[in-house]
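What follows is the residue order along each chain.
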Amino acid sequence: AQSVTQLDSHVSVSEGTPVLLRCNYSSSYSPSLFWYVQHPNKGLQLLLKYTSAATLVKGINGFEAEFKKSETSFHLTKPSAHMSDAAEYFCVVGRGSTLGRLYFGRGTQLTVWP
Amino acid sequence: NAGVTQTPKFRVLKTGQSMTLLCAQDMNHEYMYWYRQDPGMGLRLIHYSVGEGTTAKGEVPDGYNVSRLKKQNFLLGLESAAPSQTSVYFCASRPPASGTDTQYFGPGTRLTVL
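Residues numbered from 1 in each chain as written. Chains lettered and ligands numbered in written order. Predicted model: local features only at pLDDT ≥ 70, side-chain atom pairs only at ≥ 80, totals over all residues. Heavy atoms only, no water.

## Here's the deal with the overall build of chain B
Applied cut-off: Per the convention used, a helix needs a DSSP run of H or I reaching at least four residues, while a strand needs a run of E reaching at least two, with both numbered from the N terminus. Our radius of gyration looks at C-alpha atoms and nothing else; its globule reference is 2.2 Å times the residue count to the power 0.38.
Along its length, chain B carries zero helices and eleven strands. N-terminal to C-terminal, the α/β element order of chain B is β-β-β-β-β-β-β-β-β-β-β. Rg of the C-alpha trace for chain B: 13 Å, near the compact-globule value of 13 Å for 114 residues, within the 12% margin. Taken over the C-alpha atoms alone, chain B extends approximately 40 × 30 × 25 Å along its principal axes.

## Remarks on the state of the cysteines
Selection rule: Only a pair of cysteine sulfur atoms within 2.5 Å qualifies as a disulfide here. Buried residues are those whose accessible area, probed at 1.4 Å on protein chains only, stays under 20% of the maximum for their type, while exposed residues exceed 50% and partly exposed ones sit between those limits.
Under the definition given, this model contains two disulfides over all chains. The side chain of cysteine 23 of chain A participates in a disulfide bridge whose partner is cysteine 91 of chain A; the two sulfur atoms lie 2.0 Å from each other. Where cysteine 23 of chain A bonds to cysteine 91 of chain A through sulfur, the torsion about that S-S bond is close to -70°, and the disulfide is left-handed. With cysteine 23 of chain A in strand 4 (residues 23–26) and cysteine 91 of chain A in strand 10 (residues 87–94), the pair connects residues that are 68 residues apart, well separated along the chain. Cysteine 91 of chain A gets classed as buried once you look at its relative accessible area, which sits at 0%. In this model cysteine 23 of chain B forms its disulfide with cysteine 91 of chain B; the gap between the sulfur atoms is 1.8 Å. Negative torsions about the S-S bond denote left-handed disulfides, and the value of about -75° found for cysteine 23 of chain B with cysteine 91 of chain B makes this one left-handed. In this pair, cysteine 23 of chain B is assigned in strand 3 (residues 19–25) and cysteine 91 of chain B in strand 9 (residues 87–94), connecting sequence segments 68 residues apart. Judged by its relative accessible area of 0%, cysteine 23 of chain B falls in the buried class. Of the residues examined, cysteine 91 of chain B reaches a relative accessible area of 0% and is grouped as buried.

## Digging into the packing of aromatic side chains
Short version of the rule: Two rings from Phe, Tyr or Trp (for Trp, the six-membered ring) form a pair when their centres are within 6.5 Å of each other. A pair whose planes differ by under 30 degrees is stacked, one over 60 is edge-to-face, and the rest are tilted.
What the rule picks out here adds up to 14 aromatic pairs over all chains. By the ring-pair criterion, three or more aromatic residues cluster together here, those being Phe34, Tyr36, Phe90 and Phe104 of chain A together with Tyr33, Tyr35, Tyr48 and Phe105 of chain B.

## Focus: the interface of chain A and chain B
We count it as follows: Residue contacts follow a heavy-atom distance rule, with two residues in contact if any of their heavy atoms lie within 4.5 Å. The quantity reported as buried area is the accessible area (1.4 Å probe) lost by two parts once they are put together, taken as the sum for both. Should a side-chain nitrogen of Lys or Arg be within 4 Å of a carboxyl oxygen of Asp or Glu, the pair is scored as a salt bridge. Two N or O atoms form a polar contact when they lie within 3.5 Å of each other; inside protein one atom must be a possible hydrogen donor and the other a possible acceptor, and for residues adjacent in sequence the pair counts only when both atoms belong to side chains.
Each partner contributes to the interface: chain A provides 25 residues, whereas chain B provides 26 residues. Taken together, the two surfaces of chain A and chain B that pack against each other cover about 1,900 Å², and 54% of this comes from carbon and sulfur. A per-residue breakdown of the area chain A buries against chain B is headed by Arg101, Phe104 and Arg106 of chain A, which together make up 26% of the total. At the surface where chain A touches chain B, the tally comes to zero salt bridges. The tally of links from chain A across to chain B stands at three residue pairs in polar contact (both at pLDDT 80 or more). The set of elements that each furnish at least two residues to the side of chain A that touches chain B consists of strand 5 (32–38), strand 6 (44–50), strand 10 and strand 11 (102–104) of chain A.

## Some points on the side chain of threonine 102 of chain B
Along the chain, threonine 102 of chain B turns up in the loop between strand 9 and strand 10 (104–105). Within the structure, the side chain of threonine 102 of chain B is placed 3.1 Å from the side chain of lysine 49 of chain A, a separation counted as a polar contact.

## A look at the environment of threonine 72 of chain A
Tracing the backbone through its elements, the reader meets threonine 72 of chain A in the loop between strand 8 (64–68) and strand 9 (73–78). Taking the C-alpha atoms as reference points, threonine 72 of chain A and asparagine 24 of chain A, separated by 48 residues in sequence, lie 5.6 Å from one another.

## Remarks on unusual backbone geometry
The linkage connecting threonine 7 of chain B with the following residue, proline 8 of chain B, adopts the cis geometry, with an omega of -5°. Relative to the elements of secondary structure, proline 8 of chain B occurs in the loop between strand 1 (4–7) and strand 2 (10–13). Here threonine 72 of chain A, not a glycine, exhibits a phi torsion of approximately 45°, which is positive. At asparagine 28 of chain B, a position not held by glycine, the phi torsion is positive, near 60°. Inspection of the secondary structure assignment puts asparagine 28 of chain B in the loop between strand 3 and strand 4 (31–38). Asparagine 28 of chain B gets classed as exposed once you look at its relative accessible area, which sits at 54%.

Written out as structure tokens, the structure reads:
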């Protein structure tokens, strides 16, 4: 079975400081892993995805995530937060199967203070 | 190329009323999905379709029906709306199995049931 745990429901950082959003996953298969971002009253935008090609994945807007199989983690980081990063972030696991079902974490709300 | 579009964007219903949400995609994707998003719950899969004329139940299908008469459209129906169906509904689509599960999301429909 697949499941995702986002360890923090809210994270607050100051502009210019690093961002760390934590995600642990459980999967019976080799997983596909994603981070999606949702800005207020908007749809979901794909930030980055892991599909077994490389453990360090770079995404849009300076975000990256590292797949650590031994820790079953896929934490999202950014060296320097920007005000425009304030949004809700979802860690997502897929099975890599033809059905393509995705399993979402509950989300982490990122607040960026000036 | 509009991607994934959803109609309507907002709707208010009274308990017991019915309505249909329309999802359309112009990317020739085979797979389409309906999710609901509730605070603190992430996105949960309602129904999905792996091709024209086929549908299947997801995680939370009760109270909803779907149809996929045309490849580009995926309809979500509420026959008798209940306050518990107040939510934001997202549609997504995905190309045929390509080794990844990336889904492309619409902007969402905010539904309130009074």
